[in-house]
Each structure stands twice: as structure tokens, then as C-alpha cells.
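# Summary of structural features
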Amino acid sequence: MQQQSIRTHQFENGLMLIVEEMPGLQSAAFSFLVPAGSIYDGAGKNGSSAMLADWITRGAGTRDSRELTATLDNLGISHSQSAGSENITFTAASVADRITDGLEIFADVILRPHLAEEQFEPVKLGAEQSLIATEDDPQRKAMVELRKRSFSAPWGLSSDGSLEDLPNISAADVRGHHERCFRPNGAILGVAGNVDAKAVIEAVGKHFGEWKKKGGADVKPGDCGPKRTFIEHESAQTHIGISYDSVSFPDPDYYAAWAAVSVLSGGMSARLFTEVREKRGLCYSVYASQSSLKHEGRVLCYAGTSNERAQETLDVTLQELKRLGDGIDESELQRCKARAKSSLVMQQESSRGRAGSLARNWFFLEETRTLEDVRQKIDALTVDSILEYVNRRPAQDFTVLTIGPAELKVND
Amino acid sequence: MQFHQHTLSNGLTIVAESNSDVHSVALGFFVRTGARDETPELNGVSHFLEHMAFKGTERFTADDVNRIFDEVGAEYNASTSEEVTLFYGAILPEYLPQTFELLSSILYPTLRQDDFEMEKKVILEEISMYQDQPMHVAYEAGMLKHFEGHPLGTSILGTLESVGALTAEQMRQYHADHYRAGNITLAIAGNFEFDQIVDLAKQHCDHWPSGTLDRPIHEAIPKGGIAIVTQDSRNQQNIIQMTPGPAAQDELRFAAEILSVIVGDDGGSRIYWELVDPGLVEFAELGYYDYDGSGSYMTWLSCQPETTAENLARIQAIYETVNKEGVTEVELEQAKNKVASRVVLRSERPMGRLSSLGSNWVYRKEYQSVADDLAILRGLTLDDIRKCLDAYPLGASTTAAVGPLKELQLS
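Residues numbered from 1 in each chain as written. Chains lettered and ligands numbered in written order. Predicted model: local features only at pLDDT ≥ 70, side-chain atom pairs only at ≥ 80, totals over all residues.

### A word on the overall build of chain B
Note the following rule: Helix and strand assignments come from DSSP, with helices taken as H or I runs of at least 4 residues and strands as E runs of at least 2, each series counted from the N terminus. As defined in this context, the radius of gyration uses C-alpha atoms, and a globule is described by 2.2 Å times the residue total to the power 0.38. Buried means a residue has 20 or more other C-beta atoms within 10 Å of its own C-beta, exposed means 12 or fewer, and partly exposed covers the counts in between; C-beta atoms are placed from the backbone. Residues are defined as contacting one another if the C-beta atoms placed from their backbone atoms lie within 7 Å.
Across its full length, chain B holds 15 helices and 11 strands. Computed over C-alpha atoms, the radius of gyration of chain B comes to 22 Å, within 12% of the 22 Å expected from 2.2 N^0.38 for 411 residues, which places it in the range of a compact globule. If you line up chain B on its principal axes, its C-alpha atoms span 60 × 50 × 35 Å. Within chain B, the fraction of its 411 residues that count as buried is 54%. Taking the intrachain contacts of chain B between residues at least 6 apart in sequence as the baseline, contacts between residues at least 24 apart amount to 81%.

This is the structure in C-alpha cells:
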């Protein structure tokens, strides 16, 4: 793995900056996490953070909404902003020498948004349309509803918000969300690409140095939803969501948990694809993925299949999940390692990918992790260590949610 | 970056762009066959065949194929469009020989009867899956109506009936006719030595049958009209509107592309400010799609059923203004800056270069470097856009609507 040059710098106000110099690239990118995600929405106000992520770019500093867009387009800065459960994330990528201009503009967006009254109604209408569209997409809806039943509230709530809460959210609520949550202490900025770390530290200090520290809210995990749910829907397929307990991102078992899921679903030679799709032709789409937060983790699975074969699909999928503890072949582990190595090396070609990783790793682990660190952790995995993990934390006590014309029986 | 090209004696063309600064190599076999090359009784066969490629060859079993790709840590897949079936993978350079052998091998699969029957079930599931996605239903209905009577009006997936009725023998014949070396382009981008590529191609592709396939590429002359698919269970109305645009071989395509960004990009465009920004719709965009001999502008809209007609009228009004007055210098400059940055960002990874390298050769037998692309973009003028609008005005000759509406009045 190529030697990486990663520098960290914490500003006096608590803002954490992680910069990776990637001199071989033409581009640069940043990923800015602000601790204002949907877990801070508050009771009955689910959707505030999603609305803020839209409203916040509709005018900031000396520029109105159109001027802001024109400036970013003319600088060639492609960008996005979205609310997740923990953070609102701002990402940007451009030709390398433009990225500090991007930081200056996003300082306006983050610190000096207009949040103008006349822009609020359009934001709300847009949010409502997007939630209604999810109702029309049973595959997406299955995963949104599965998350709600898999993670403790408010982590499981949809970061897009809910149609029930939306009418109760006022402009004052969303402004309050910004006021309460946007703070430098707890915010993390990852920058990667063909940049000079010293210059980036200087630029960030200049644009964000005045940002004032404040106290954060404490959110306590609540309950999950029910273990069994059937949502009747007139659809061509039955959409099946399954989840079970796993580990958090900082957990020492994280890599073993990752490898276990990788044996199930990492690539087309993995078990779910082979057993459910290739051997039985039950599905087009079937997968499992590791979904780890800071304090908890789950494995989330999906399978979509025609209604008359849905029961068999559910049975076979559960069977595959449960039988993982019976044994793992050395060759299965080798394939996981090969895929991981390849994707780690290819990350070095992407400033966007690296900026995202730098920020995410700091958020979860409060440390930097080089690609070589990750490769070593994956290399250290053995069949025995993964099996020991799987048998200690077997796939059981499943949460199952189905959307389709008829209810299925869960034979677990 | 350096361009290389070589053609084997059977007609297989290799186009390659090497770059020693990157860490990976991406390669793809672009087979010039797709839905438009199917007869009605074979509808869906190109896409089904793409799936069958992964079910084993003379040398490799189906398990081998997936296993080896994963063993080398490849990012790999295949896709089928109206015109091209593509098999591709990105890997670390050390795995190039192994990956080349496997990827080239799967273009000539065994097509065993029992695998055919099993994979047919997967395809039928895929068709059902897309039936649950309203925008996809609208896309299919729109393409079918717009290109009615023209080969481009052939569904990629086919229908439950057409795929259900396909036989392995029909597929074998289709494969023998269409998978001929002269009909295939190998594109490769990233960190490699070209001599090695030519050696590998000679070793693994020299025995492929020669020959090419002619396809009629007369320009479609759509009659237009409305297709309404009423689905009471939906909440939103999903709409596709189409109108002719320049073909893949037409120099006007660059102007059409930038015009679609100015008028209908997902941010900062006229449609965005008029419909998306005020929250009138969930989604509205204009895209430009070029095909062999034909082209199309496609408008995508998702909104509340009761506001559909007025939103379509708003879009139509934008098109009429643009057709009449063109766009402004300021808009053109902004779009150029935005697109230039996208081109550079996308091109940084070999996988990002693969599609443009392959498509340029398949459609136009030409190579365009990133610098060429940027120079063309920079050189576009308001006059170019005017010419494009005069030849291919924006509009909505065909409409497909999926959702609760039983009828739709267009102004």
C-alpha cells in the first residue's frame, strides 16, 4: 500500500480537521460532518434535519440561492448536502486548486445561512413529495421500515423524516435545529486530494476559526419497533427485509463481523447470491450488509421475489444466515480479503472516497486510519477468529418485515 | 495518457488508454448488440444472454466464474442497453492476465439447458422487480410509444411472456449471429502495458468467429402520442416525455448535451428553478440520449397527480421560450464550467474513462482524450445551440404517464 500523508489538526473551537495529501490526483474533495442529524430532530419533529439540509443552501452570506448555485457551478464544485442519523454531511469535489474556494463558500452556508422565510414552504413541499415517493417504492420503503425496527429510536427513524411529523414542523423549529446543533466542537472536516495540508489548515482556520463553541444535546437510545411486521401492498413482488444484531463500528469485533457479512454477501460468489439466486433462481436482488453506528450495529438483509415464491425465499435466506456458524471455508475468507485489498488500493484513486473515509473514521473512532492499517486488520482475520465471533453472536432473534400482497410465516 | 489501437485478424478491435499514474486497470468488451437487434419473438434475449455469460464456459463452471472474479478482487459486472451489451471489470494490474482470460471467456458461454431454465426464473424476477418501480414503468412505456415501429422501441428486459417463451436454441442462434469479433470492441483504461494486452487478446480472442453485423440505423420519425398506465395503488404520477434529438453520429450532439444541462440539469437549470426549487414536484429533469442514427430528449417528472398537467405546461413553456430565444451567454458559461469539472472528476479513475473510450469507438470509430472533450466543450457557442434548436427543438411529442390518473390533458 502506498505511503499516505495524513495530518490532523484540532482548532481551538474544537473543529477537527483531517487532511490527506494525494499528489497524484488532479482533484480535491471534502466531507464535512456537522452533528445535526435526525437523531436531534426531537419528538414529533422527525424531518427537521432533512429540511435544514435543503434550506441551508438557499442563500448564505452575501449570496442569494441563485447566486450561490451559480458561484459553485462556475467554480466547477460539485456538491451535495444530506441529513443522516448523526450528522448533516456537506460534500464537495473539484479540480484541486478550487477546493479552498469551496471551503470559503461552505463557511457561509454552515455559519451564515439566510434560512429565509419565503424559502421554507418550498422546502417543506419538496420534503413531502420525497416522502410520498418513498411510499410508491416498496423496495425502498421496506428498508426504511426495517431500519425503524432494527435500531433504537431515534437512530432507527428515517433521516428523510415522516409524513406524520412533517405538518408539525415550523420554520422556527428548523431554525432552532440549526441554532442548537451547528457547532464546531463535534464537527469533523475531512479533506483529500492534490492539496497542501498546511494551506488547508490555514484556510479552514481563516474561514471557521470564529465559529463559537457550544454545548451539545444528549440523546438517549430508546426502543426499537416490533420484530414482526407485514405491510399489505399491491405489488408485483414481495419485498423482504431481515435484520439481526451485530456490533458497533468501534467494537473490537467489527472486522470479524464485517468478514462474516462478506462471506454471506460480499461479491457474486458469496453465499446468499449463490444459494438464493444462482442455485434456486428465487430472486434478482438479494443481499446482506453490515450497518454499524457508534453505539450499536445490525446486519440488514433484503430479498425481493415474486409473491408465490416469497415464502421459500424467506426460508432459504434465514437458513443461510443461521448456518454461517457451521463453518467457513478458507477460500471464502481469501476472497473477502482480496476484495477488500482491491477496494482499499482503488480508494487511492478517489479524493471523494478518501475525504469521506477520513471524516467517517474520525467520527466513529476518533483516530485516523490509513489504508495500510485497515489492510493489516483484515489480513489478521482467520477462519477460526470469524467463526468464534459468529458462534458467540449468532444470527438469531431476527427482525422480519415484509411488504406484499400476502403475509409470510417466519420459520426461525 | 497515451492512446493505442490494434485490430486482430478476426476483426476484434482493441482501443486502449494507458496511464501509469493510476493504481488500477479497467477493461470492457463492448458487444454491438442489444434490444434493437432483436425480433419480436426474441424480445429480451440480449439481456438474458448477458446473464447467461456468467453461467459457465467450456473452461470455467458457473461457480468458477463468480469465484475467480472475487478471488482477484474485481469490481465487475455487465449491462445491456438498446444497442450495446457490455462486460467489464476493474482490477489491480497484477491480476490482469487472469481477469482477461476469464472476462473474454464468458462472452462465449456454454448455454446449457438447465442453466437457461434456472436463469430464466431470475430474469422473470428482474422484470417483476422493475414493475414495482413506477419511473421504470414510465420509461418502458415512453420508449415503446415514442419509437413505435422503429427498432429502438424494443424493451431491453422483454416481457414476462416473451422471455417466458424463449428457448435455449433461439438464444444459441442469436449468440452465433451477434457475437462475432468484428462486432466487438475491447476498451481498456489505466495502468498496463499495451504489448501485454495485444498478447493476451491474441491468446484468448484470436479464435473468435470473424464477421460483423449490420443493423439498420435509419433515423426514427416518431408519430408521438400519449400512453397512460393507470395504477390506482400509486400516490405520485410519474411521467416521461420524449422528442427527437441529434443522433450519436451527429456533430450537434455536443450542443444538445450542454443544452440539456442548461435547461434540465438536476440543479441550477431552468427546470430546476421553475419546478424543483419551489417544491412543485418531487423530481424534474431533462436529459439527452444519443443512439445509433437517432437521438432523443427525455423529460422526467414525478409529482402529485392533480398537479401533473400544470407542471407539464410549465415545462412546455420553458421549452417554447428556449426554442424561440435560445439560452444566454451566462447560462452557457456556467454549464461549461460545471460540465468541465464533471469530466475531469469522472476521468480520474480508469473505470470512469472506460465508458467514454468504448462508446466513442463503438459509435464513431474515434478516440477522444479528456483534453479533446474539454476543448470541444470550451469551443461551444450560442450559435451551435441555435443550430441544434433549429434542427431539434425541445418539446414533448410523446408522453407516458404512470400513476393514479386515468387521463391527462396536455396543453
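### Some thoughts on the overall build of chain A
The helix and strand tally for chain A stands at 14 helices and 11 strands. Counting only C-alpha atoms, chain A reaches 60 × 50 × 35 Å along its principal axes. Looking at chain A as a whole, 52% of its 412 residues qualify as buried. Counting only contacts in chain A whose residues sit at least 6 apart along the sequence, the fraction spanning at least 24 positions is 81%.

### Focus: the pairing of strand β9 (residues 283-290) of chain B
All names here are of chain B. Note the cut-off: By definition, two strands form a pair when at least two bridges between them are found by DSSP.
Where β9 and strand β10 (residues 295-303) come together, 8 bridges link them in antiparallel fashion. For Gly287, the partnering residue across the bridge sits in β10 and is Met298. Hairpin connection of β9 to β10: 4 residues between the antiparallel strands, including Gly293 at a positive phi of 85°.

### Quick notes on the sheet that holds strand β9 (residues 285-292) of chain A
In sheet architecture, strand pairing relies on hydrogen bonds along the backbone and comes in two forms, parallel and antiparallel. To keep it simple, the criterion reads: The convention used is that axes are lines fitted to C-alpha atoms, helices contributing only their stretch in contact, and that angles between N-to-C directions extend from 0 to 180 degrees.
Strand order in the open sheet formed by 5 strands is β7-β11-β8-β10-β9 (chain A), with mixed pairing between adjacent strands. The strands lining the two open edges of the sheet, one partner per strand, are β7 (228-232) and β9 of chain A. In this sheet, neighbouring strand axes are inclined to one another by 15° on average, regardless of whether the strands run parallel or antiparallel. Bridge analysis of strand β8 (residues 237-246) of chain A against strand β10 (residues 297-306) of chain A gives 10 bridges, and the strand direction is antiparallel. Its bridge partner lying in β10(A), Ile240(A) is registered against Ala303(A). Contacting β8, β9 and β10 of chain A, helix α4 (residues 113-131) of chain B runs over the sheet at an angle of about 105° to β10(A).

### Notes on the pairing of β9(A)
Residues and elements named next belong to chain A. Of the strand pairs in this sheet, β9 and β10 are connected by 8 bridges, and their pairing is antiparallel. Following the sheet pairing, Tyr287 is matched in β10 by Tyr302. As consecutive antiparallel partners, β9 and β10 are separated by 4 residues.

### Here we look at the sheet that holds strand β2 (residues 13-18) of chain B
Residue and element names in this part refer to chain B. Pairing is mixed across the open sheet formed by 6 strands, whose spatial order is β1-β2-β6-β3-β5-β4. Strand pairing shows two members of the sheet lacking a second neighbour, β1 (2-7) and β4 (75-80), which therefore form its edges. Averaged over neighbouring strand pairs, the angle between their axes works out to 10° when direction is ignored. Relative to strand β6 (residues 184-190), strand β3 (residues 25-31) runs antiparallel, the two being bridged by 7 bridges. Of the residues in β6, the one forming a bridge with Ala26 is Ala189.

### Describing the interface of chain B and chain A
Test applied: Gly counts as polar in this scheme, as do all residues outside two lists: the nonpolar Ala, Val, Leu, Ile, Met, Phe, Trp, Tyr, Cys and Pro, and the charged Asp, Glu, Lys and Arg.
Across the contact, 49 residues belong to chain B and 55 residues belong to chain A. Looking at the side of chain B that touches chain A, the elements that each hand over two or more residues are α2 (62-71), α4, β10 and α12 (329-347) of chain B. For the side of chain B that touches chain A, the per-class residue count stands at 16 nonpolar, 17 polar and 16 charged.

### Notes on the environment of Ile91(B)
Tracing the backbone through its elements, the reader meets Ile91(B) in strand β5 (residues 85-91). Leaving out residues up to four positions away in the same chain, Ile91(B) has contacts with Ser342(A), Ser24(B), Val25(B), Val72(B), Gly73(B), Ala74(B), Leu96(B) and Thr99(B).

### Looking at the nonpolar core
Quick reminder of the rule: Working definition: the nonpolar core is a set of buried Ala, Val, Leu, Ile, Met, Phe, Trp, Tyr and Cys residues, joined through C-beta atoms within 7 Å.
In this structure, Phe87(B), Leu186(B), Ala187(B) and Ile188(B) are the most contacted members of the largest nonpolar core, which totals 70 residues. Excluding residues that lie within four positions of it along the chain, Phe87(B) makes contacts with Gly28(B), Phe29(B), Ala53(B), Ala78(B), Leu103(B), Ile106(B) and Leu107(B). Judged by nonpolar contacts, the second largest core, of 67 residues, contains Ile88(A), Trp155(A), Val200(A) and Ala359(A).

### As for helix α11 (residues 308-325) of chain B
Residue and element names in this part refer to chain B. For clarity, the threshold we go by: By this rule the span expected of a helix is its residue count minus one, scaled by 1.5 Å. The directions considered for the arc are those from the helix axis to the C-beta atoms.
Here α11 spans 26 Å end to end across 18 residues, near enough to the 26 Å set by a 1.5 Å rise per residue. Of the positions making up α11, those classed as buried are Thr308, Asn311, Leu312, Ile315, Ile318, Tyr319 and Val322. Along the long axis of α11, the arc covered by the buried residues comes to 115°, so they all point the same way. The outward face of α11, more than 90 degrees from its buried face, is lined by the exposed residues Glu310, Ala313, Ala317, Lys324 and Glu325. Contacts from the buried residues of α11 go to β8 (237-244), α9 (253-264), α10 (270-276), β9, β10 and α15 (382-391). Looking one or two residues beyond α11, the residue adopting positive phi is Gly326, at roughly 75°.

### A short note on helix α10 (residues 310-322) of chain A
Residue and element names in this part refer to chain A. Here α10 spans 18 Å end to end across 13 residues, near enough to the 18 Å set by a 1.5 Å rise per residue. Regarding α10, the residues found buried are Ala310, Thr313, Leu314, Val316, Thr317, Leu318, Glu320 and Leu321. Of the surrounding secondary structure, the elements contacted by the buried residues of α10 are β8, α8 (254-265), α9 (271-278), β9, β10 and β11 (399-404).

### Brief notes about the packing of α8(A) against helix α11 (residues 330-347) of chain A
All names here are of chain A. Heads up, the rule is: Under this scheme an angle from 65 to 115 degrees is roughly perpendicular, one under 35 degrees roughly parallel, and one over 145 degrees roughly antiparallel; angles in between are oblique.
Interaxial distance between α8 and α11 falls to 9 Å at its minimum, and their mutual angle equals 105°. For the element pair α8 / α11, the angle class is roughly perpendicular. When α8 is examined against α11, the residues Ala259, Ser262 and Val263 are found in contact with a partner set consisting of Glu332, Leu333 and Cys336. A class-by-class count of the residues in the contact of α8 with α11 yields 4 nonpolar, 1 polar and 1 charged.

### Observations concerning the environment of Val25(B)
Residue and element names in this part refer to chain B. Residue position: Val25 is located in strand β3. Among the residues examined, Val25 registers 27 C-beta atoms within 10 Å and is labelled buried. A C-alpha to C-alpha distance of 30 Å links Val25 and Glu126, two positions 101 residues apart in sequence. Residues contacting Val25, with those up to four places away along its chain left out, are Ile91, Pro93, Leu96, Ile188, Gly190, Asn191, Phe192 and Pro350.

Geometry only, nothing functional implied.
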